[in-house]
Amino acid sequence: MASGETGSMRFDNYMEGEWIGGDSRVENVNPSDTRDVIGQAARSGAADLDRAIDAAHAAAPGWASSTPQQRFDILDAVGTEILARKDELGRLLSREEGKTLAEGIGEAMRAGQIFKFFAGEAVRLPGERLSSIRPGVEVDMRREPVGVIGLITPWNFPIAIPAWKVAPALAYGNTVVLKPAELVPGCAWALAEILSRSGLPRGVFNLVGGRGSELGPRMIENPKVRAISFTGSVPTGRGIAAACGQHLKKVQLEMGGKNPLVVLDDADLDVAVGAALNGAFFSTGQRCTASSRLVVGENIHDRFVSALTEKLQALVVGDALDPKTQMGPVVDEKQLEQNLAYVEIAGQEGGKLAFGGDRLTLDKPGFYMAPALFTETANDMRINREEVFGPVASVVRVKDYDEALAVANDTEFGLSSGICTTSLKHASDFKAKSQAGMVMVNLPTAGVDYNVPFGGTKASSFGSREQGRYAVEFYTTVKTAYTQP
Ligand code: ADP
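Being a predicted model, the structure only gives us computed values, none of them experimental.

The rules behind these values
- Residues numbered from 1 in each chain as written.
- Predicted model: local features only at pLDDT ≥ 70, side-chain atom pairs only at ≥ 80, totals over all residues.
- Heavy atoms only, no water.
- Pairing = 2+ DSSP bridges.
- Helix = DSSP H or I, 4+ residues; strand = E, 2+ residues; numbered from the N terminus.
- Axes fitted to C-alpha atoms, helices over the stretch in contact; angles between N-to-C directions.
- Parallel < 35°, antiparallel > 145°, perpendicular 65-115°, else oblique.
- Left-handed = near helix turned anticlockwise from the far one by under 90°.
- Contact = heavy atoms within 4.5 Å.
- Nonpolar A, V, L, I, M, F, W, Y, C, P; charged D, E, K, R; others polar.
- Expected span 1.5 Å × (residues − 1).
- Buried < 20%, exposed > 50% of the residue type's maximum accessible area, 1.4 Å probe, protein only.
- Near = heavy atom within 4 Å.
- Polar contact = N/O pair within 3.5 Å; in protein donor to acceptor, adjacent residues only side chain to side chain.
- Areas by Shrake-Rupley, 256 points an atom, 1.4 Å probe, with all protein chains shown as cover.
- 1 Å grid on protein atoms, 1.4 Å probe; cavity = no way out; pocket = protein on both sides within 12 Å on 5 of 7 lines; lining within 4 Å.
- Sits in = over half its atoms within 2 Å of the grid points.
- Core = buried A, V, L, I, M, F, W, Y, C linked by side-chain atoms within 4.5 Å.
- Points joined across faces, edges and corners; volume = space filled by probe spheres on them.
- Phe/Tyr/Trp six-rings, centres within 6.5 Å; stacked < 30°, edge-to-face > 60°.
- Lys NZ or Arg CZ within 6 Å of the ring centre and 35° of its normal.
- Salt bridge = Lys/Arg side-chain N within 4 Å of Asp/Glu carboxyl O.

Trainee: Explain the sheet that holds strand S16 (residues 372-375) to me, using residue names and the numbers behind them.
Mentor: The strand order across the open sheet built from seven strands is S15-S16-S17-S14-S13-S18-S19, with neighbouring strands paired in mixed fashion. In the strand order of this sheet, the two ends are held by strand S15 (352-355) and strand S19 (438-441), each with one partner. For this sheet the average axis-to-axis angle between neighbouring strands, irrespective of direction, equals 25°. Note: strand S13 (residues 260-263) against strand S14 (residues 293-297), four bridges, orientation parallel.

In structure tokens, the structure reads:
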């Protein structure tokens, strides 16, 4: 794969145990330097998708009856290889997505750890046995594979999100058709390449890159696909949920966030500033768990804003692959324009731009912008209602904890929330009353563990949780079996 540095990589699709070139090809461009074309990705159309689904369908009974040991061995080996190649995979990731090399390597490690975690889950799949209400009858409840699962993934975690869907799908005996985001074909291809050599039977795992708007609906309409797991935007997610309802298909959605980080007057200032900097701006703010709303007590407000602004002034924005870089580029021109448009909107609404927000011209052509911090914003402004998905955060000043909690919960989203405080009382109350699926105390809203559930409330998530043992809910179906011995 090192030869890929020359720009000659081919990211083909994989189905029925074969690599195929698709109907056409799209360029995979490095957002840190748009002169760097990493490679060409296969863009498949309907016929390839149908073939991949047929292959997954044909392979489903065989894989469903594979032993837990077989699944363990394969998933564990995949995890081992990803971990061994974390530097190279992390580099490919940073090159195509734009997060810093440290973040890219960290994400590749995460993907390896997830495969290892689900290798373990494959050999400890629990069932239950109850006494029947009838004499002499035995009842047991067992978890069975769902069948063919369609996985649709976004660009912001090009290897971790495919991993956290593919690994549990396979661990619990399902077969898979993965449709990754077109902006990041390299990582999906690399994962497919590892899986192709892992001993998985033909057709168990299939990769189909192509246009989401074309392949997504077709995947959902196909009766051979029994479930869809999607991570992406709210509008796309809504459409998928509606279509899955129509086709009576199991569905799991992870979508946006407008995550509040509350900073109370009694917070440790360094902890709060560190959490805000990491939560709002790391990974160029391109995380659904990003701390985009900073809800700050009036007595700490000025100190917090000036300390955070100082950090932003010092933050090195640059090429993702440069070790000095602390914030890489935005993923593409469209996303950069969206970010700049929100900077404009926030200003027009009366927000005060405390720092950044402008496009940066560096020594190479890339999608760079300075991180943006707004102060004096109200929670009903668009900048505090709508997800930007970029390095843009806004401060809402509040007078006390009660107002902070109300502001934090006043959103259509509910993915992650955080509070920085030294008060046990307020921390406990926030954990209980925050209307988010994940709550952090003295930690950034982003940055989660892989062995516990991930997901939110309200418009952020739909369906059962991803990750950790809770993934079993989505990737299995329950059978209740009665026996009269
Ligand atoms: P993002 O901003 O992360 O690209 P999207 O919701 O647009 O959010 O895309 C997430 C994933 O969903 C991508 O893989 C994309 O190709 C796919 N996608 C886009 N439109 C549809 C659709 N109508 N049905 C299913 N998947 C879609």
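Trainee: Help me get a handle on the packing of helix H2 (residues 68-84) against helix H6 (residues 185-196), residues and values and all.
Mentor: The N-to-C vectors of H2 and H6 enclose an angle of 130°; their axes lie 10 Å apart at closest approach. One finds that H2 runs oblique with respect to H6. Crossing hand, H2 versus H6: right-handed. Of the residues in H6, those touching H2 at Val78, Glu81 and Ile82 are Leu191, Ile194 and Leu195. Here the residues of the contact of H2 with H6 are counted per class, giving five nonpolar, no polar and one charged.

Trainee: Explain helix H10 (residues 301-314) to me, and be specific about the residues and the numbers.
Mentor: Between its terminal C-alpha atoms H10 stretches 20 Å, which fits the 20 Å expected from 14 residues at 1.5 Å a residue. Buried within H10 are the following residues: His301, Phe304, Val305, Ala307, Leu308, Thr309 and Leu312.

Trainee: How would you sum up the site of the ligand? Please name residues and give values.
Mentor: As a structural note, the neighbourhood of the ligand is formed by 17 residues, with Thr153, Lys179, Gly212, Ser233 and Thr236 the closest of them. At 2.7 Å, a side-chain N or O of Lys179 approaches an oxygen atom of the ligand. Protein contacts shield 74% of the accessible area of the ligand, which totals 550 Å² for the unbound molecule. With respect to the pocket detection grid, the ligand is positioned in the largest pocket.

Trainee: Any details on the nonpolar core? Residues and values, ideally.
Mentor: A general feature of soluble globular proteins is that nonpolar side chains tend to end up buried together. In terms of nonpolar packing, the biggest core is built from 68 residues, with Phe115, Val166, Leu170, Leu195 and Phe205 touching the most fellow members. The leading source of residues in this core is helix H5 (residues 160-171), at nine residues. For Leu170, the contacting residues outside a window of four places in its chain are Trp63, Arg71, Leu75, Val176, Leu195, Leu200 and Val204. Counting residues in hydrophobic clusters, the runner-up holds 27 residues, among them Phe304, Ala307, Leu373 and Ala393.

Trainee: Can you tell me about the layout of surface pockets, naming the residues and giving the values?
Mentor: Estimated volume of the largest pocket: approximately 1,100 Å³. Considering the residues around the largest pocket, the lining is formed by 41 residues, among which Trp155, Phe230, Gly232, Ser233 and Thr236 are closest to the centre. Among the elements of the structure, helix H7 (212-221), strand S11 (225-231), helix H8 (234-246) and helix H11 (333-348) are those that each provide at least two residues to the lining of the largest pocket. It is H8 that provides the largest number of residues to the lining of the largest pocket, a total of seven residues.

Trainee: Could you give an account of unusual backbone geometry, with specific residues and numbers?
Mentor: For Thr284, which is not a glycine, the phi torsion comes out positive at approximately 55°. We classify Thr284 as buried; its relative accessible area is 1%. Of note in this structure, Phe389 is not a glycine but carries a positive phi near 70°. Structurally, the position occupied by Phe389 is in the loop between helix H12 (382-385) and strand S17 (392-398). Under the relative-accessibility criterion, Phe389 is labelled buried at 16%.

Trainee: Account for the packing of aromatic side chains, naming residues and giving values.
Mentor: Here the structure, examined in full by the defined rule, presents nine aromatic pairs. Measuring from ring centre to ring centre gives 6.4 Å for Trp19 and Trp189, while their planes differ by 50°; the resulting arrangement is tilted. Pair noted here: Trp19 is in strand S3 (residues 18-20) and Trp189 is in helix H6, with a separation of 170 residues, a long-range link. Here Trp19 falls in the partly exposed class, since its relative accessible area comes to 34%. Assessed through its relative accessible area of 15%, Trp189 is described here as buried. Each ring, one from Phe117 and one from Phe118, has its centre 5.0 Å from the other, and the planes form 85°; the classification is edge-to-face. Per residue, the accessibility class of Phe117 equals that of Phe118, and both read buried. Cluster of aromatic residues (ring-pair linked, three or more members): Phe11, Tyr14, Trp19 and Trp189. Between the NZ or CZ atom of Arg71 and the centre of the ring of Trp63, over which it lies, the distance is 5.9 Å. Here Lys99 stacks its cationic end above the ring of Phe157, 3.7 Å away from the centre of that ring.

Trainee: Summarise the pattern of salt bridges; cite the residues concerned and give the values.
Mentor: Here the idea is simple: oppositely charged side chains can pair when their charged atoms come close. Applying the stated rule across the entire model yields 32 salt bridges. A salt bridge links Arg35 to Asp33; its shortest N-O distance comes to 2.9 Å. A salt bridge links Asp87 to Lys86, with the nearest nitrogen and oxygen atoms 3.4 Å apart. Accessibility expressed as a relative area gives 25% for Lys86, which makes it partly exposed. Each of Glu81, Arg85, Glu88, Glu193 and Arg197 takes part in one network of salt bridges that share partners.

Trainee: Can you tell me about the environment of Ser394, naming the residues and giving the values?
Mentor: By the element assignment, Ser394 lies in strand S17. It is 39 Å that separates the C-alpha atoms of Ser394 and Val177, two residues lying 217 residues apart in sequence. Here the side chain of Ser394 touches Asn384 through a polar contact of 2.6 Å, side chain to side chain.

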